[in-house]
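So the chains spell out like this:
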Amino acid sequence: MAQIESELIRRWLNGWTLARSLPAAEPVDPAGSGLRSACGQPGREVEVFALRADEEPESLARLAAAVAAARQITWLTVPTVRPGTVEAVVHAAGLELLHRSEWFMTTELAEHPRHAPAAPYEREVRTEGPVTVVSLHDSSGEVAARGTIAVVGTDAVADRIETDAAHRRRGLGRAMMSALAEAAVAQGARTGLLIASEEGQRLYSSLGWRHEADVLIARGPVVPSSR
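Residues numbered from 1 in each chain as written. Predicted model: local features only at pLDDT ≥ 70, side-chain atom pairs only at ≥ 80, totals over all residues. Heavy atoms only, no water.

Colleague: Got a sec to walk through the sheet that holds strand E1 (residues 26–27)? Specific residues and values, please.
Modeller: With mixed pairing, the eleven strands of this open sheet are ordered in space as E1-E2-E3-E4-E11-E5-E10-E9-E8-E7-E6. Both outer strands of the open sheet, E1 and strand E6 (122–128), are each paired with one neighbouring strand and no more. Taken together, the four bridges between strand E3 (residues 44–50) and strand E4 (residues 74–80) define a ladder with parallel strand orientation. Counted as the bridge partner of Val46 is Thr74 from E4. Contacting strand E2 (34–41), E3 and E4, helix H2 (residues 57–69) runs over the sheet at an angle of about 160° to E4. (Pairing = 2+ DSSP bridges. Helix = DSSP H or I, 4+ residues; strand = E, 2+ residues; numbered from the N terminus. Contact = heavy atoms within 4.5 Å. Axes fitted to C-alpha atoms, helices over the stretch in contact; angles between N-to-C directions.)

What follows is the structure in structure tokens.
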């Protein structure tokens, strides 16, 4: 039966934490059912990533129960080819479902389409070690779009791809993804990985990115701290 491989999730997570300057994710338990990342954001202090939700559904139930009991505000991110089953598990654990329709996507970067930004936009590329940040500016110098990509081995993880609302429908998303792919290939990356919001899925699909699995994201209830 089809399932998303846990190693693919691990590879994405290695690049995601790097792109966001977060500590490396740590195992949740000795069984290897998930990984835990300290995000340190208001309303998102910790995030747990399920690795074997499709292969071992019972492992997801254990993760969901742990998230529900956590003292810190904890998110649970679950890549899966069985979204209905996952949704039932997180609801049974008492978690709040934040996103149910995001996609885990991959691509071959060498085949990625190339698009330059149209006038009056220009791109700025800043690379520090394995992380590249691309900004697209208009003629006034205002940042119209931005994005990040982190290279780990031959993988490149794209993250935080954003276009300002005032500059949308001008091809900036395509130009941004082109610039990120080009920068990653220059650093030796061959495979692109990302988690796409519903808003971004059409763009990435049009550029040849493939849907590998759905991604559901839930949040544990806030537990008042004891005094």
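Colleague: Report on the environment of Thr163, specifying residues and quantitative values.
Modeller: By the secondary structure assignment, Thr163 is in strand E9 (residues 155–163). Between the C-alpha atom of Thr163 and that of Gly173, which follows or precedes it by ten residues, the distance is 6.9 Å.

Colleague: Requested: an account of the pattern of salt bridges, with residues and values cited.
Modeller: Side-chain pairs of opposite charge can arise whenever the charged atoms involved come near each other. Enumeration over the complete set of coordinates arrives at 13 salt bridges. Across the pair Glu47 and Arg44 runs a salt bridge whose closest N-O atoms are separated by 2.7 Å. The pair Glu47 / Arg44 is uniform in exposure class, with both members buried. When the shortest N-O distance is used, the salt bridge between Glu96 and Arg219 registers 2.8 Å. In this pair, Glu96 is assigned in strand E5 (residues 96–108) and Arg219 in strand E11 (residues 210–219), connecting sequence segments 123 residues apart. (Salt bridge = Lys/Arg side-chain N within 4 Å of Asp/Glu carboxyl O. Buried < 20%, exposed > 50% of the residue type's maximum accessible area, 1.4 Å probe, protein only.)

Colleague: Residues and numbers for the nonpolar core, please.
Modeller: When a protein is soluble and globular, its nonpolar side chains tend to lie buried together. With 25 residues, the main nonpolar core has Leu136, Ala156, Met177, Ala184, Leu194, Tyr204 and Trp209 as its most contacted residues. The set of elements that each furnish at least two residues to this core consists of strand E7 (131–137), strand E8 (143–152), E9, helix H4 (172–186) and strand E10 (191–196). The dominant element in this core, judged by the number of residues it contributes, is H4, at eight residues. Here Trp209 is in contact with Met105, Thr106, Thr107, His112, Met177, Gly192, Leu193, Leu194 and Tyr204, once residues within four sequence places are set aside. (Core = buried A, V, L, I, M, F, W, Y, C linked by side-chain atoms within 4.5 Å.)

Colleague: Lay out the pairing of E2 in plain terms, naming residues and giving numbers.
Modeller: Of the strand pairs in this sheet, E1 and E2 are connected by two bridges, and their pairing is antiparallel. Note on E2: the bridge partner recorded for Glu26 is Arg36. The antiparallel hairpin formed by E1 and E2 contains six residues in its connecting segment, where Gly32 sits at a positive phi of about 75°. Connecting E2 to the next strand, E3, in antiparallel fashion are two residues, including Gly43 with a positive phi near 80°.

Colleague: Pulling in residues and values, what's your account of unusual backbone geometry?
Modeller: For residues other than glycine, phi is negative in most cases, and the peptide bonds are mostly trans. Of note, the bond from Ala119 into Pro120 is cis; its omega dihedral lies within 30 degrees of zero at 10°. With respect to the helices and strands, Pro120 occurs in the loop between E5 and E6. You will see that Ser21, though not glycine, has its phi angle at about 55°, which is positive. Looking at the secondary structure, you find Ser21 in the loop between helix H1 (6–19) and E1. On the accessibility criterion, Ser21 (68% relative accessible area) is exposed. Its identity as a non-glycine residue notwithstanding, Arg169 has a phi of 65°, on the positive side.

Colleague: Kindly report on the layout of surface pockets, identifying the contributing residues and their values.
Modeller: By volume, the largest pocket amounts to about 1,100 Å³. Lining of the largest pocket is provided by 34 residues; of these, Ile161, Ser197, Glu199, Gly200 and Tyr204 occupy positions nearest its centre. For the lining of the largest pocket, the elements supplying multiple residues, two or more each, are H1, E3, E4, E5, E9, H4, E10 and helix H5 (198–206). Element by element, the count of residues in the lining of the largest pocket is highest for E9, at six residues. Per-class residue counts for the lining of the largest pocket are 13 nonpolar, eight polar and 13 charged. (1 Å grid on protein atoms, 1.4 Å probe; cavity = no way out; pocket = protein on both sides within 12 Å on 5 of 7 lines; lining within 4 Å. Points joined across faces, edges and corners; volume = space filled by probe spheres on them. Nonpolar A, V, L, I, M, F, W, Y, C, P; charged D, E, K, R; others polar.)

In short, shape yes, function no, at least from these values alone.
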